[in-house]
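Residues per chain are reported as follows:
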Amino acid sequence: MSLANYAFGNCNQLEKIVFHCSSISFDNDSIYCCQNLNSIEFNGTVARWKASVKDVNSPIKRVSPDCVVHCTTGSCTVDGTCLHNNGDMYLYELRDSTCTSVGLKAHYYCGGCENYLDENKNVVVLQSVIIEKKPHSFDTTYSFDKGGHWQECTVCGTQTER
């Protein structure tokens with residue numbers, strides 16, 4: 001959906017706008033001078049709402065200072081603060097690392113704001129929940145053939161150089 005300039009211009013009696021789409025684009029001043037507008041419902045995530053309004057120069061101007069945006073696929077306020085209390089919150093259990101793959105600390109992923117959260121639901125960067133690969137665990141005995149001798153990892157079978 002795309003809103004042109006002044007699509008909602010000088011709508012002084014307008015109190016609420018509901019967008020039933022999950023993606024929207026705005027021209028400058030799409031929602032302008034709607035002094036009584038106090039609620040916008042958007043059928044998308046906080047991240048999609050932010051992406052919709054970031055590429056234009058303030059598409060929403062001169063509305064009520066109490067206007068709140070409710071993202072129905074994630075809760076947010078007009079300043080983009082996610083409340084992390086929607087159905088798009090996923091818990092990832094601890095997964096230990098091995099010598100062949102990284103592990104993950106227990107954490108959440110919020111689909112509303114598309115952020116990773118620690119166990120206390122504080123926003124963190126993805127790198128902070130990754131557990132680095134463990135080193136190979138080479139057997140103490142050597143295998144050998146005509147080409148040389150080597151050790152094998154007891155976990156994955158990787159061989160040391162011959």
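First things first, this report covers the structure right here in the doc.

The rules behind these values
Numbering of residues starts from 1 in each chain and follows the order in which that chain's sequence is written. Residue-level local features of this predicted model are given only where pLDDT is at least 70; pairs of side-chain atoms are given and counted only at 80 or more, and the full residue set underlies all totals for whole chains, interfaces and linings. Hydrogen atoms and water are omitted, and side-chain values are computed over all heavy atoms in the structure. What makes two strands pair is DSSP finding at least two bridges between them. Helical segments are the DSSP runs of H or I of at least four residues, strand segments are the runs of E of at least two, and each set is numbered from the N terminus. Aromatic rings from Phe, Tyr and Trp, taking only the six-membered ring of Trp, are treated as a pair when their centres fall within 6.5 Å; an angle between ring planes under 30 degrees marks them as stacked, one over 60 as edge-to-face, and anything in between as tilted. Three labels apply to residues, based on accessible area from a 1.4 Å probe with only protein chains included: buried if under 20% of the type maximum, exposed if over 50%, partly exposed otherwise in between. Either the NZ atom of lysine or the CZ atom of arginine qualifies as a charge over a ring when it sits within 6 Å of the ring centre and within 35 degrees of the ring normal.

**What about the sheet that holds strand β11 (residues 107–110)?**
Phase 1: Sheet architecture is open: 4 strands sit in the order β9-β11-β12-β13, paired in antiparallel fashion. Every other strand in the sheet has two partners, leaving β9 (89–92) and β13 (123–124) as the edge strands with one partner each.
Phase 2: Relative to strand β12 (residues 115–117), β11 is paired through 3 bridges, and the arrangement is antiparallel. Across the sheet, the residue bridging to Y109 is Y116, located in β12.

**Some points on the packing of aromatic side chains**
How two aromatic rings sit relative to each other is set out by the distance from centre to centre and by the angle between their planes.
Phase 1: Per the stated rule, a full pass over the model turns up 2 aromatic pairs.
Phase 2: Both rings, one in F8 and one in F19, keep their centres 6.4 Å apart while their planes meet at 80 degrees; by these two values the pair is edge-to-face. Of this pair, F8 sits in strand β2 (residues 8–9) while F19 sits in strand β3 (residues 16–19), and the two are 11 residues apart along the sequence.
Phase 3: Overall, F19 belongs to the buried group, its relative accessible area being 3%.
Phase 4: The residue whose ring lies beneath K121 is Y108, and the NZ or CZ to ring-centre distance is 5.1 Å.

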